Amino acid sequence: RPVVRVEEAFPVREIRTEDDTINVEMDPESEVEVRAKMADAGLIAVGWYHSHPSFPAVPSVIDLTNQLRYQRLVREENGLEPWIAAIVSPYNKTRPAMESELTYFYVDAGARTEGKDAELDRDCRSMALDTATSENTAFAAAAMSKIKMIKEWYGAEWEGAS
């Protein structure tokens, strides 16, 4: 059974879109910076993550479409598509307690018709992934450092939000 191991997560800055309430785009300059950091560390991208800041960490149709596109980009000759997705919901108002949600998913493209790619609305569905948490304290320290970096990027925006 194939295994994809996530060693580290790298946040990127966002850019504004016409409808910032439901749609965000990754800053291309920030992506270039992150890819350079990954290369320096000898790492390769194996997936992506984003947030649903105050609602459930459930993949939307847009999320599933983006994931399927990523999977097609990295498809190997043997048919494997080693690209995973995650959604972080730091504050889901529908949950009874103040707790974060983290959902990992992969799009199961089902049986493809001979020579054709699956179509999202016909063949695809979100799948849960098996995960294991690391007890590595360096990993936790690196994650906290990145959270602080994000706070620096967006702190004034967050503090002004109601």
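Report follows, based on the coordinates. (Residues numbered from 1 in each chain as written. Predicted model: local features only at pLDDT ≥ 70, side-chain atom pairs only at ≥ 80, totals over all residues. Heavy atoms only, no water.)

Moving on to the overall build of the chain. Scanning the chain from N- to C-terminus turns up four helices and six strands. Moving toward the C terminus, one meets the helices and strands of the chain in the order β-β-α-β-α-β-β-α-β-α. When burial is assessed residue by residue, the chain has 22% of its 162 residues classed as buried. Sequence-distant contacts in the chain: of pairs separated by 6 or more residues, those separated by 24 or more amount to 54%. Element-wise, carbon and sulfur atoms account for 55% of the exposed surface of the chain, whose accessible area totals about 11,800 Å². (Helix = DSSP H or I, 4+ residues; strand = E, 2+ residues; numbered from the N terminus. Buried < 20%, exposed > 50% of the residue type's maximum accessible area, 1.4 Å probe, protein only. Contact = heavy atoms within 4.5 Å. Areas by Shrake-Rupley, 256 points an atom, 1.4 Å probe, with all protein chains shown as cover.)

What follows is about the packing of aromatic side chains. Aromatic ring pairs are defined here through the distance separating the ring centres and the angle between the ring planes. Evaluation of the coordinates by the stated rule reveals two aromatic pairs. Arranged with centres 5.5 Å apart and planes meeting at 50 degrees, the rings of Trp48 and Tyr70 form a pair that is tilted. With a gap of 22 residues between them, Trp48 in strand 3 (residues 47-51) and Tyr70 in helix 2 (residues 61-73) connect regions that are remote in the sequence. Site record: aromatic cluster; members linked through ring pairs are Trp48, Tyr70 and Trp83. (Phe/Tyr/Trp six-rings, centres within 6.5 Å; stacked < 30°, edge-to-face > 60°.)

Inspection of the secondary structure assignment puts Ser89 in strand 4 (residues 84-89). The exposure class of Ser89 is buried, given its relative accessible area of 0%. One polar contact links the side chain of Ser89 to the main-chain carbonyl oxygen of His52, over a distance of 3.2 Å. In this structure Ser89 touches His52, Pro53, Phe55, Pro56, Ala57, Glu99, Ser100 and Glu101, once residues within four positions along its chain are discounted. (Polar contact = N/O pair within 3.5 Å; in protein donor to acceptor, adjacent residues only side chain to side chain.)

Moving on: the pattern of salt bridges. All chains considered together, the criterion is met by four salt bridges. Among the ionic pairs, Glu33 bridges to Arg13, the shortest N-O distance being 3.4 Å. Here Glu33, found in helix 1 (residues 28-40), pairs with Arg13, found in the segment before strand 1 (14-15); they are 20 residues apart in sequence, far enough to count as distant. Under the relative-accessibility criterion, Glu33 is labelled partly exposed at 39%. Between Glu31 and Arg35 there is a salt bridge; the shortest N-O distance is 3.0 Å. Separated by four residues within a single helix, Glu31 and Arg35 lie in helix 1, roughly one turn from each other. For Glu31, a relative accessible area of 25% puts it in the partly exposed group. On the accessibility criterion, Arg35 (45% relative accessible area) is partly exposed. The network of salt bridges with shared partners includes Arg13, Asp27 and Glu33. (Salt bridge = Lys/Arg side-chain N within 4 Å of Asp/Glu carboxyl O.)

Here we take up helix 1. In a regular helix each residue adds 1.5 Å, so 13 residues correspond to 18 Å; helix 1 covers 19 Å between its end C-alpha atoms and thus fits that length. For helix 1, the set of buried residues is Ser30, Val34 and Met38. In a view along the axis of helix 1, the buried residues occupy a sector of 75 degrees, so they form one face of it. Exposed side chains of helix 1 directed beyond 90 degrees from the buried face belong to Glu29, Val32, Ala39 and Asp40. One side-chain oxygen of the residue at the start of helix 1 lies 2.9 Å from the amide nitrogen of Glu29, identifying that residue as Asp27. Looking at the residues trailing helix 1, positive phi occurs at Gly42, about 75 degrees. (Expected span 1.5 Å × (residues − 1). Arc of directions from axis to C-beta.)

Okay, helix 2 next. Helix length check: helix 2, at 13 residues, gives a terminal C-alpha distance of 18 Å against a target of 18 Å (1.5 Å per residue), a fit within 8%. Among the residues of helix 2, those classed as buried are Asp63, Leu64, Gln67, Leu68 and Gln71. End-on view of helix 2: buried residues confined to an arc of 130 degrees, all on one side of the axis. For helix 2, the exposed residues set more than 90 degrees away from the buried face come down to Val61, Arg69 and Leu73.

These figures come from the coordinates and say nothing about function on their own.
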